[in-house]
Amino acid sequence: MMDRLKIFNPLVVATLIVPTIIAILYFGIFAEDIYISESRIVVRKPDQAPSFGFEFALDQTGFGSGNEGNDAVIAYLQSRQAIVQGNTDGLIKAAYTRDDTFWFDRFGWLGGKSDEQFYRYFENKLEVTEGATTQVLTITVSAFDPVEAQEINARLVKQAEELVNSLSGRAQSDLIAIAEGEVEEAADEARQAAVELARFRDTSGIVDPAQQSEVGLQMISKLQDELIAAQTRLRQLKTYTPEASQIPFLETQVSQLRAEIEQARGELTGGRASLSSAIAKFQELEVNAKFAEAQLAATRASLQEARAEARRKQAYLELISAPSLPDYPMEPRRVRSIIATVLLGLLAWGVLSMLAIGVREHRD
């Protein structure tokens, strides 16, 4: 057993001594201090007022149902677009490529310096998590300088806020634009219906067929009364004074009255140009015009409701905790990492030793 533990045992050197020396050199001397800046945000809407405490209000956040707003922010912060927009002045990339940074920790030490490779590298420096019971988002940024870690975190928070404002504004604009389009369409239909009704009045010379029909009926009734009176007078003369000179005049009057009555009836109930036909067309156009006006009024009311709904659905990002300025490096955990390396080396040495013993016994 002591032979297996001797210092020059190749297995001990490979699994325990060399890794431990490397861990002591790296974690104890060369590894860069890593500062972590943390911020907390939440996406809320104005109509989500607290009802049962702060946590209940936070649990009700988002653009709509669930946590759509948080999902959009998480997806954006973890995208290439967020890095591109935040690195317009090169600050983010410069924070991880300084010459005074240890080459193993520095971005591009393997030679690759493309934007895609930096995106993969930065993925390990950024973490966005959502609370288990609340929808508070925690953004943590790791960097080799505390001020740069805070600045990168602040930029990402600002970009997330701009994203929420943009999405919320777009949703409001779309909602109102649809309602305004419906109002414009209804207004066009109302104008067209009014124009058709006015055109019918101009071509037919009839302002209100129902009123004119009532006047026509009154005229027919008056002519009928005159006809009855003339017929009665004519019968009396023929009975008592058959030679009276007024009889021819009365007969002519009766004939004219009958012709006038027939003409008036024809104007009311005759062919396609009659007043009864005009009444049907007029009523159809009038109903269309009234329906179009009612539809316009309804769409205008819907537009007001859409504007009110847009104001209620306006989402905004609330900063619960501003990006912190770390005053102590949280990583690497040097002593813990060295101890972990030793323990893993001992474990690897034990496993490989047992395998070697088994192979040797099998050969014997």
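It should be noted that the structure appears before, not after, this text.
Residues numbered from 1 in each chain as written. Predicted model: local features only at pLDDT ≥ 70, side-chain atom pairs only at ≥ 80, totals over all residues. Heavy atoms only, no water.

Enquirer: Looking at this structure, how should I read helix H12 (residues 334-363)?
Expert: Quick reminder: α-helices carry 3.6 residues per turn. Residues three or four places apart thus point the same way. Taking 1.5 Å as the rise per residue, H12 with 30 residues should run 44 Å; its terminal C-alpha atoms sit 43 Å apart, in good agreement. Buried within H12 are the following residues: Ser337, Ile338, Thr341, Gly345, Trp349, Ser353 and Ile357. (Helix = DSSP H or I, 4+ residues; strand = E, 2+ residues; numbered from the N terminus. Expected span 1.5 Å × (residues − 1). Buried < 20%, exposed > 50% of the residue type's maximum accessible area, 1.4 Å probe, protein only.)

Enquirer: Sorry, what's going on with the pairing of strand E3 (residues 137-143) here?
Expert: Side-chain positions along a regular strand alternate between the two faces of the sheet. The element E3 is largely enclosed, with a buried count of seven among its seven residues. Direction of pairing for strand E1 (residues 35-44) relative to E3: antiparallel, over a ladder of seven bridges. By the bridge assignment for E3, Tyr35 is matched with Ala143. Alignment of strand E2 (residues 126-130) against E3, held across five bridges, turns out to be antiparallel. (Pairing = 2+ DSSP bridges.)

Enquirer: Sorry, what's going on with a nonpolar patch on the surface here?
Expert: The grouping of Leu344, Leu347, Val351, Leu352 and Leu355 at the surface amounts to a nonpolar patch, some 490 Å² of accessible area in total. Checked against the element boundaries, Leu355 lands in helix H12. Given a relative accessible area of 52%, Leu355 falls into the exposed group. (Patch = residues over 30% accessible without salt bridge, like charges linked within 9 Å, V, L, I, M, F, W, Y side chains within 5 Å. Areas by Shrake-Rupley, 256 points an atom, 1.4 Å probe, with all protein chains shown as cover. Salt bridge = Lys/Arg side-chain N within 4 Å of Asp/Glu carboxyl O.)

Enquirer: Even after reading the chapter, I still don't get helix H2 (residues 10-30), so can you show me in this structure?
Expert: Its maximal kink placed at Ile17, H2 deviates by approximately 30°, while the proline Pro19 follows within four residues. The complete set of buried residues in H2 reads Val12, Thr15, Leu16, Thr20, Ala23, Tyr26 and Phe27. (Bend = angle between axes of the 7 residues up to and from the residue.)

Enquirer: Help me understand the packing of aromatic side chains in this model?
Expert: Each pair of aromatic rings is reported with the distance of its centres and the angle of its planes. Tallying each qualifying case throughout the model produces six aromatic pairs. Each ring, one from Tyr96 and one from Phe118, has its centre 6.3 Å from the other, and the planes form 55°; the classification is tilted. Here Phe118 lies in helix H7 (residues 115-123) and Tyr96 lies in the loop between helix H6 (91-95) and H7, a separation of 22 residues in the sequence. With a relative accessible area of 0%, Tyr96 lands in the buried category. With a centroid separation of 6.2 Å and an interplanar angle of 25°, the aromatic rings of Phe118 and Tyr121 are classed as stacked. Here Phe118 pairs with Tyr121, and both are found in helix H7, just three residues apart, close to one helical turn. Exposure class is identical for Phe118 and Tyr121. Each is buried. Pairwise contacts between aromatic rings join Tyr96, Phe118, Tyr121, Phe122 and Phe144 into one cluster. (Phe/Tyr/Trp six-rings, centres within 6.5 Å; stacked < 30°, edge-to-face > 60°.)

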